[in-house]
Amino acid sequence: MSVLAVLSGILAIAYLRWTDNPAPLVGYFWLIASLCALLIGLVKQFEPEQALRLGAQTLTYVHKYGQWSLPWQAIQRVGQPRVLQGLEHQTLSYVAIRLKDPHSIIGHITPRLANRLMLQQRPLLLLAEQSCPTGQCYSASMLEDDEYRLPNGRRLHGLQAMFAHRQRKLREALGYDLFIETQDLAMPAERVIALLNAQHRLSLIADGPASALPDTRH
């Protein structure tokens, strides 16, 4: 988008400079529109990949593909997942959240984000299987059924069902339900986890002050 805006601006300048009897208003409008498009493109390019917003009552995860939001009361604990590699446990580069009810996220996540997370978390699931140390192998576990039955008997279909199956596998393998990559966070995972746990404890006692944790993409 930025490249097209630059090219459009160059054409607008050429129009004003070299065209015989140009219409100034058309040229200036063309140039201004190109500059606006360039600015929008730059903002989109450098906007954070993801952000965490810590409120008094809710935790919200904002991603360029959508968001999820959950009340603090729905969260059981926050930590970092680990997998067994050989004889040692390896800490993975994720902030992980375990929910009291693993299915509570289903109605609080946008479909586009659910689909994106399923793609992003493929290496995570493969690492958890211990049969793929690089996280780049193929596994039949990547294929999800498009039907899922909740404990209350309700049936999910399509993307919701596939997401529920994937979350179940991750919970069984790693003990958590939601995963946030630390490479896109503005501070170390340990500090993020400490902030989340502190706000979690505070919310269970009383309404705490809302805070925000912006993340920048490196």
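Residues numbered from 1 in each chain as written. Predicted model: local features only at pLDDT ≥ 70, side-chain atom pairs only at ≥ 80, totals over all residues. Heavy atoms only, no water.

On to the nonpolar core, then. Counting residues in each nonpolar core, the largest one holds 33 residues, and the members touching the most others are Leu59, Trp68, Val95, Ile105 and Leu196. Once you skip the residues sitting within four places of it in the chain, Leu196 turns out to touch Leu52, Leu54, Leu59, Trp72, Val78 and Val95. In this structure, Val83, Leu124, Leu174 and Phe179 belong to the second largest nonpolar core, which totals twelve residues. (Core = buried A, V, L, I, M, F, W, Y, C linked by side-chain atoms within 4.5 Å. Buried < 20%, exposed > 50% of the residue type's maximum accessible area, 1.4 Å probe, protein only. Contact = heavy atoms within 4.5 Å.)

Attention now moves to the sheet that holds strand S4 (residues 75-79). With respect to topology, three strands assemble into an open sheet ordered S4-S7-S10, the strand pairing being antiparallel. Where the open sheet ends on each side, the last strands, each with one partner, are S4 and strand S10 (178-181). The sheet shows a mean angle of 15 degrees between the axes of neighbouring strands, direction not considered. Where strand S7 (residues 94-99) meets S10, four bridges bridge the pair, whose relative direction is antiparallel. Considered in S10, the bridge of Ile97 is made with Leu178. (Pairing = 2+ DSSP bridges. Helix = DSSP H or I, 4+ residues; strand = E, 2+ residues; numbered from the N terminus. Axes fitted to C-alpha atoms, helices over the stretch in contact; angles between N-to-C directions.)

Averaged over all residues, the pLDDT of the protein chain is 74; the fraction at 70 or higher stands at 64%. Across the protein chain, element-level confidence peaks in S4 with a mean pLDDT of 95 and bottoms out in strand S11 (residues 211-213) with 46. Residue range residues 1-9 is modelled with pLDDT below 50. Its contacts to residues more than four positions away, or to other chains, number 15 contacts. Here residues 25-31 is a poorly scored stretch, pLDDT under 50, and it has twelve contacts once near neighbours within four places are set aside; other chains count. (pLDDT = per-residue confidence, 0-100.)

What follows deals with the packing of aromatic side chains. What the rule picks out here adds up to two aromatic pairs. Taking 6.3 Å as the distance between ring centres and 90 degrees as the angle between the ring planes, the aromatic pair formed by Tyr94 and Phe179 counts as edge-to-face. Taken as a pair, Tyr94 in strand S7 and Phe179 in strand S10 lie far apart in primary sequence, 85 residues in all. Each member of the pair Tyr94 and Phe179 is classed as buried. (Phe/Tyr/Trp six-rings, centres within 6.5 Å; stacked < 30°, edge-to-face > 60°.)

To continue, consider the environment of His157. Checked against the element boundaries, His157 lands in strand S9 (residues 155-157). Remark: the alpha-carbon pair of His157 and Glu147, spanning ten residues in sequence, is separated by 4.7 Å. With residues near it in sequence (within four places) discarded, His157 still touches Asp146 and Glu147.

Attention now moves to the packing of helix H3 (residues 111-120) against helix H5 (residues 158-174). With their axes 10 Å apart at the nearest point, H3 and H5 run at an angle of 40 degrees to one another. Viewed along their axes, H3 and H5 adopt a mutual orientation that is oblique. The interaxial crossing formed by H3 with H5 has left-handed handedness. Contacts from Pro111, Ala114, Asn115 and Met118 of H3 reach H5 at Leu159, Met162, Phe163 and Arg166. (Parallel < 35°, antiparallel > 145°, perpendicular 65-115°, else oblique. Left-handed = near helix turned anticlockwise from the far one by under 90°.)

Applying the stated criterion across every chain, the model contains two salt bridges. Of the charged contacts in the structure, one is a salt bridge between Asp177 and Arg171, with a shortest N-O distance of 2.6 Å. Of the two residues examined, Asp177 and Arg171, each falls in the buried class. (Salt bridge = Lys/Arg side-chain N within 4 Å of Asp/Glu carboxyl O.)

A few words on the pairing of S7. The element S7 is largely enclosed, with a buried count of six among its six residues. Burial along S7 is two-sided: the face carrying Tyr94, Ala96 and Arg98 and the face carrying Val95, Ile97 and Leu99 are both buried. Across four bridges, the pairing between S4 and S7 is antiparallel. The residue bridging Ile75 from the neighbouring strand is Leu99, located in S7.

A separate point is H3. When we look at burial in H3, the residues that qualify are Leu113, Ala114, Leu117, Met118 and Gln120. One face of H3 carries all of its buried residues, which in axial projection span an arc of 165 degrees. Turned more than 90 degrees off the buried face of H3, the exposed positions are Pro111 and Arg112. As for H3, its buried residues are in contact with strand S2 (58-63), strand S3 (66-71), S7, helix H4 (122-128), H5 and S10. (Arc of directions from axis to C-beta.)

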